[in-house]
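Examining the three-dimensional arrangement
If you want the building blocks of each chain, they are given just below.
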Amino acid sequence: MEKITKETYLQWYREMTFWRRFEDKCRSLYLKQKIRGFLHLYNGQEALPAGFLHAMKPADKVITAYRCHVWPMAMGVDPKRVMAELCGKESGTSRGLGGSMHIFSKEHHFYGGHGIVGGQIPVGAGMAFGDKYNGRDNVTICLFGDGAARQGTLHETFNMAMNWKLPVVFVCENNGYAMGTSVERTANHNDIYKLGLGYEMPSLPVDGMDPVKVAEAAFEAIERARRGDGPTFLDIRTYRFRGHSMSDAEPYRTKEEVEKYKDEDPILLVQHTILENNWASQEELDKIVDEVKADVEECEKYAEDSAFPAQDTMYKYTYSQNDYPFIDLFENK
């Protein structure tokens, strides 16, 4: 794996701080009813994209669930376009038609954003199958939450992925509560990674609050997949500081528990490491925060200034080809 250096930590600090501030701005816009529908925030889980992107190659792919604003930005999607999509604007990543749960960018190898719980798990394996079938040296990172780990489709997918040695890394972003039910209450065991052991898939828990530990586990799993040895299942233990969605009153956990986990904030961990090693002063880090605030304000302005899509947009982009067979069959019935 590429060495983790001072520059890595400074980049992590800037990016993770930006992601946090971006999500906080999304929350503000939602409360002002400028973002509608559902909104699932990523606060507290920033160590995952930071660590994984350090271990991935540029052509590797990511597919995830509906807590999906940060990942495409981490992979290079313009955050202004992500904000515009959240606000339902024509300049968004899906022309304002997808919204919060359906960010997508083929150009940057980010394949959603999926609102169906666990629906992305077999799709991610299918993407990996396509790469193997066509001889491409790519790996797919397939992310899902601890709630989705209870879907039956996970087992079917794990079985096929191991049989065919697909180049995929399955990642459970295990923030402990799914929509609002703790891991302890959903099964007879608390260790989600053990679900992979029945298929003889390498499976292990990972500290999801430390980007270094995430990067190390991710690199090993990605390289295993790339050399043709098949999938790995990573149970990455993280914690979301916000509720499941904006409508979540969080009756299932205490404020004291949330505050306790905030002591393990991955951004604070990165900041502490930088200061401890004298890689930057607190004044320099504060300047980064000010620059990040300005960048987020630019995203908000871009979204506010963008137009809503024309009414016929939803029909124009429903299918990518004019002679789609189903349409012909329907019209000529």
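Since we're looking at a predicted model, the values are computed, not measured.

Quick word on the overall build of the chain
Of regular secondary structure, the chain possesses 12 helices and 5 strands. Over its C-alpha atoms, taken along the principal directions, the chain stretches across nearly 70 × 50 × 40 Å. Expressed as a percentage of the 333 residues in the chain, the buried residues total 50%. For the chain, the accessible area works out to roughly 16,200 Å², and carbon and sulfur atoms hold 50% of it.

Structural notes on the packing of aromatic side chains
Tallying each qualifying case throughout the model produces 14 aromatic pairs. Here the aromatic rings of Phe158 and Phe233 are separated by 5.1 Å at their centres, their planes lie at 65°, and the arrangement is edge-to-face. Pair noted here: Phe158 is in helix H6 (residues 152-163) and Phe233 is in strand S5 (residues 232-237), with a separation of 75 residues, a long-range link. A relative accessible area of 0% places Phe158 in the buried class. Residue classification places Phe233 among the buried positions, given a relative accessible area of 0%. Geometrically, the ring pair formed by Tyr239 and Tyr261 is stacked, given 3.9 Å between the ring centres and 5° between the ring planes. Within this pair, whereas Tyr239 is found in the loop between S5 and helix H8 (255-262), its partner Tyr261 is found in helix H8, the two being separated by 22 residues in sequence. Here a set of aromatic residues connected by ring pairs shows up, and it is made of Phe144, Phe158, Phe170, Tyr199 and Phe233. One Lys or Arg, Lys89, reaches over the ring of Phe308 and ends 4.7 Å from the middle of that ring. The ring centre of Tyr261 lies 4.8 Å from the NZ or CZ of Lys260, which sits over that ring.

Some details on helix H1 (residues 6-31)
Each α-helix turn comprises 3.6 residues. Residues three or four places apart therefore point the same way. Between the first and last C-alpha of H1 there are 38 Å, a value that for 26 residues agrees with the 38 Å anticipated at 1.5 Å per step. Looking one or two residues past H1, Gln33 carries a phi angle of roughly 65°, positive in sign.

Observations concerning unusual backbone geometry
Phi is mostly negative for residues that are not glycine, and the peptide bonds are mostly trans. Here the phi dihedral of Arg95 falls at roughly 55°; this positive angle occurs in a residue that is not glycine. In this structure, Arg95 sits in the loop between helix H4 (79-86) and helix H5 (120-133). For Arg95, a relative accessible area of 31% puts it in the partly exposed group.

Thresholds, definitions, all that
- In this numbering scheme, every chain counts its residues from 1 along its sequence in written order.
- Reporting in this predicted model follows two pLDDT cut-offs: at least 70 for local features of residues, and 80 or more for side-chain atom pairs to be given and counted; totals over whole chains, interfaces and linings ignore these cut-offs and use all residues.
- With hydrogens and water stripped out, all remaining heavy atoms of the structure feed into the side-chain values.
- Only DSSP runs of H or I covering at least 4 residues are called helices, and only runs of E covering at least 2 are called strands; the numbering of each starts at the N terminus.
- Three exposure classes are used, based on accessible area relative to the maximum for each residue type with a 1.4 Å probe and protein chains only: buried under 20%, partly exposed in between, and exposed over 50%.
- Residue burial considers only the protein chains on display, and all accessible areas are found by Shrake-Rupley using a 1.4 Å probe.
- Any pair of Phe, Tyr and Trp rings, taking the six-membered ring for Trp, is counted once the centres come within 6.5 Å. Such a pair is stacked with planes under 30 degrees apart, edge-to-face with planes over 60 apart, and tilted for the rest.
- Both a distance and an angle decide whether a charge sits over a ring: NZ of Lys or CZ of Arg must be within 6 Å of the ring centre and within 35 degrees of the ring normal.
- Helix span, expected: 1.5 Å multiplied by one less than the number of residues in the helix.

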